Amino acid sequence: MRRSAVCVLVACAVLAQPAAADYGLTIIPLRHRPAEQIVPSLRPTVEQGGAISSMNDKILLRVSPGNLAELRAAITALDTPLRRLVVSVRQGEVREASGGGLGVDGRLAPGNSRVIIRGGAGSSEQRDDVSQQVQVVEGGRALIQVGQSLPLMFREWRAAPGGGVQVDSVRYMDVGTGFLAAPQVVGNQVTIEISPSMERIGEGGAVESSRLATTVSGALGSWIPLGGSAVTGQTTRYGTGGYAQGARRVDGQVWLRVDALE
């Protein structure tokens with residue numbers, strides 16, 4: 001009861017603001033959608049001197065008769081049943097590596113000397129493409145995450161009578177690829193909060209990950225680029241037997257698409 005009273009007071013305060021004309025108060029109940037979802041799309045249509053507010057499943061208007069008819073038509077077009085959506089996310093990575101070096105292999109001894117110089121260069125390319133889909137009702141939130149749990153060994157020393165005690169344990173770390181999505185649809189346009197992530201086991205068992213969090217808008221049924229990343233690195237190693245050089249580059253791209261199910 002207290003929350004409802006606060007909503008009524010807020011709505012009355014908004015609609016009681018001075019207007020260019022003494023318009024009457026009109027309350028329009030909605031059938032399918034919450035008023036807070038529709039009101040932002042209606043504000044640009046409200047004439048100067050008019051007022052609009054929301055209260056639960058109702059829209060409160062104080063506008064002229066002509067503007068009221070325009071707003072009623074817009075509300076009818078927007079107050080539609082919630083649709084089922086399919087959110088598709090495509091994440092891709094390309095890892096390129098190249099390197100070369102020079103090595104010396106030999107044996108030096110009186111009357112028997114041999115020195116062999118070896119050199120070479122090479123390159124490699126690896127591609128990872130992950131496509132995932134999840135269904136969600138517009139206005140809802142959906143999470144999909146696919147991966148594996150990696151066992152990690154931990155060793156600690158605990159105090160005990162007479163000295164410390166070694167305690168070994170196994171803990172698990174989740175590594176996977178997925179996304180969290182919250183779409184809103186108005187007409188043929190979708191606005192979606194999206195947080196995709198991509199993780200993999202790299203060299204030496206290290207976990208390599210890329211994450212993104214953003215809000216984007218676009219047309220239903222079209223691919224929307226969310227962003228990308230590029231990481232480069234170079235290494236040079238010297239030793240008694242020669243040297244080696246290497247270069248590494250990782251490029252990542254993320255795309256999003258939202259389709260409505262009929």
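Residues numbered from 1 in each chain as written. Predicted model: local features only at pLDDT ≥ 70, side-chain atom pairs only at ≥ 80, totals over all residues. Heavy atoms only, no water.

*Asks:* Could you give an account of the overall build of the chain, with specific residues and numbers?
*Replies:* Along its length, the chain carries three helices and twelve strands. The burial tally for the chain puts 27% of its 262 residues in the buried class. In the chain, the share of contacts with a sequence separation of at least 24, taken over all contacts with a separation of at least 6, comes to 62%. Just so you have it, the chain exposes about 16,600 Å², and 53% of that area is on carbon and sulfur atoms. (Helix = DSSP H or I, 4+ residues; strand = E, 2+ residues; numbered from the N terminus. Buried < 20%, exposed > 50% of the residue type's maximum accessible area, 1.4 Å probe, protein only. Contact = heavy atoms within 4.5 Å. Areas by Shrake-Rupley, 256 points an atom, 1.4 Å probe, with all protein chains shown as cover.)

*Asks:* So what's going on with the sheet that holds strand β1 (residues 26–29)? Residues and values would help.
*Replies:* One open sheet accounts for three strands, arranged β1-β3-β2; its pairing is antiparallel. Looking at the sheet topology across the chains shown, the edges are occupied by β1 and β2 (51–55). This sheet shows a mean twist of 20° between the axes of neighbouring strands, independent of strand direction. Looking at chain direction, β2 and strand β3 (residues 58–62) are connected through five bridges and run antiparallel. Within the sheet, the bridge partner assigned to S54 lies in β3 and is I59. Contacts from helix α2 (residues 35–42) reach β2 and β3 within the one sheet, and its direction differs from that of β2 by about 165°. (Pairing = 2+ DSSP bridges. Axes fitted to C-alpha atoms, helices over the stretch in contact; angles between N-to-C directions.)

*Asks:* Help me get a handle on the nonpolar core, residues and values and all.
*Replies:* V87, V89, F179, I192, I194, L256 and V258 are the most contacted members of the largest nonpolar core, which has 20 residues in total. Residue assignment for this core shows that the elements contributing at least two residues are β4 (84–107), β5 (114–137), β6 (142–160), β7 (163–186), β8 (189–201), β11 (224–239) and β12 (242–261). Beyond its immediate chain neighbours, meaning those up to four positions away, V89 contacts V130, S131, Q132, F179, I194, P196, V254, W255 and L256. Counting residues in each nonpolar core, the second largest holds 15 residues, with L30, V39, L61 and V63 among its members. (Core = buried A, V, L, I, M, F, W, Y, C linked by side-chain atoms within 4.5 Å.)

*Asks:* Go over the packing of aromatic side chains with me, naming the residues and quoting the values.
*Replies:* Counted by the stated rule, this structure contains zero aromatic pairs. One cation-aromatic arrangement involves R90 over W255; the distance from NZ or CZ to the ring centre is 5.0 Å. (Phe/Tyr/Trp six-rings, centres within 6.5 Å; stacked < 30°, edge-to-face > 60°. Lys NZ or Arg CZ within 6 Å of the ring centre and 35° of its normal.)

*Asks:* Which residues make up the side chain of D79, and what values go with them?
*Replies:* As for its position among the elements, D79 is in the loop between α3 (65–78) and β4. The side chain of D79 sits in the buried core without any salt bridge; R33 is the nearest counter-charge, 5.4 Å away. Within the structure, D79 has its side chain in polar contact with the backbone nitrogen of R31 (distance 2.8 Å). Side-chain polar atoms of D79 contact the backbone nitrogen of R33, separated by 3.1 Å. Non-local contacts of D79, meaning those with residues more than four positions away in its chain, are made with L30, R31, H32, R33 and I38. (Lys, Arg positive; Asp, Glu negative; His and termini not counted. Salt bridge = Lys/Arg side-chain N within 4 Å of Asp/Glu carboxyl O. Polar contact = N/O pair within 3.5 Å; in protein donor to acceptor, adjacent residues only side chain to side chain.)

*Asks:* Account for the pattern of salt bridges, with residues named and values stated.
*Replies:* Under the defined criterion, the tally for this structure stands at six salt bridges. Linking D57 and K58 is a salt bridge whose minimum nitrogen-to-oxygen distance equals 3.3 Å. K58 gets classed as partly exposed once you look at its relative accessible area, which sits at 31%. Taking the shortest distance from any N to any O, the salt bridge between R155 and D168 comes out at 2.8 Å. With R155 in strand β6 and D168 in strand β7, this residue pair connects regions lying 13 residues apart in the sequence. Take D168: its relative accessible area is 41%, and that puts it in the partly exposed class. Taken together, the salt bridges that share partners define one network made up of R33, R83 and E138.

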